[in-house]
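Given next are the chains, with one letter for each unit.
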Amino acid sequence: LTFDSASAEDAHVETVPDVASSDTEEEDRSEAAAAAAAAAALPPLTTAEEKELKAFDLDSTYGPCLGLTRLERFLRAEKLQINPPPSVREILHRVHPTSPSAQAILSGKPGVVC
């Protein structure tokens with residue numbers, strides 16, 4: 001196998017910008033901005049509501065919460081007829097899905113299985 005250095009010098013490699021990638025990134029930024037604006041428009045939860053969500057998170061009756069949002073865990077418990085508190089569902093329907101309040105208090109903590 002031989003390599004012709006003259007042909008390598010004559011070769012010209014042209015790079016083409018990845019337009020699809022930049023469009024996708026721009027759409028992602030737009031969606032993130034829209035989600036942030038929607039979350040900011042919602043009224044903040046009261047201290048009592050936050051306490052109720054934390055109590056729901058820590059109650060093992062409703063099963064583990066690893067990899068689930070609070071609403072997903074609530075719906076799973078409801079499907080399994082464990083009867084989670086209806087007030088938790090009401091609170092969660094007022095919370096934007098990307099809000100920290102939509103996540104269990106222990107989710108995302110290293111080494112924690114809730």
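Look up: the structure comes first, before these words.
Everything numeric here is computed off the predicted structure, so don't read it as measured data.

**Quick word on helix α5 (residues 86–93)**
Among all positions in α5, only V88, I91 and L92 are buried. The buried residues of α5 all sit within an arc of 95 degrees when viewed along its axis, so they share a single face. Along α5, exposed side chains directed more than 90 degrees from the buried face belong to P86, E90 and H93. Those residues of α5 hidden inside the fold are in contact with α3 (47–58) and α4 (70–79).

**Structural notes on unusual backbone geometry**
Peptide bonds are mostly trans, and most non-glycine residues show a negative phi. With a phi close to 55 degrees, Q81 is a non-glycine residue in the positive phi region. Relative to the helices and strands, Q81 is located in the loop between α4 and α5. The exposure class of Q81 is exposed, given its relative accessible area of 66%. The backbone of N83 shows a phi angle near 60 degrees, a positive value even though the residue is not glycine. Note that N83 resides in the loop between α4 and α5. Note on N83: relative accessible area 63%, which makes it exposed.

Conventions and cut-offs
Residues numbered from 1 in each chain as written. Predicted model: local features only at pLDDT ≥ 70, side-chain atom pairs only at ≥ 80, totals over all residues. Heavy atoms only, no water. Buried < 20%, exposed > 50% of the residue type's maximum accessible area, 1.4 Å probe, protein only. Helix = DSSP H or I, 4+ residues; strand = E, 2+ residues; numbered from the N terminus. Arc of directions from axis to C-beta. Contact = heavy atoms within 4.5 Å.

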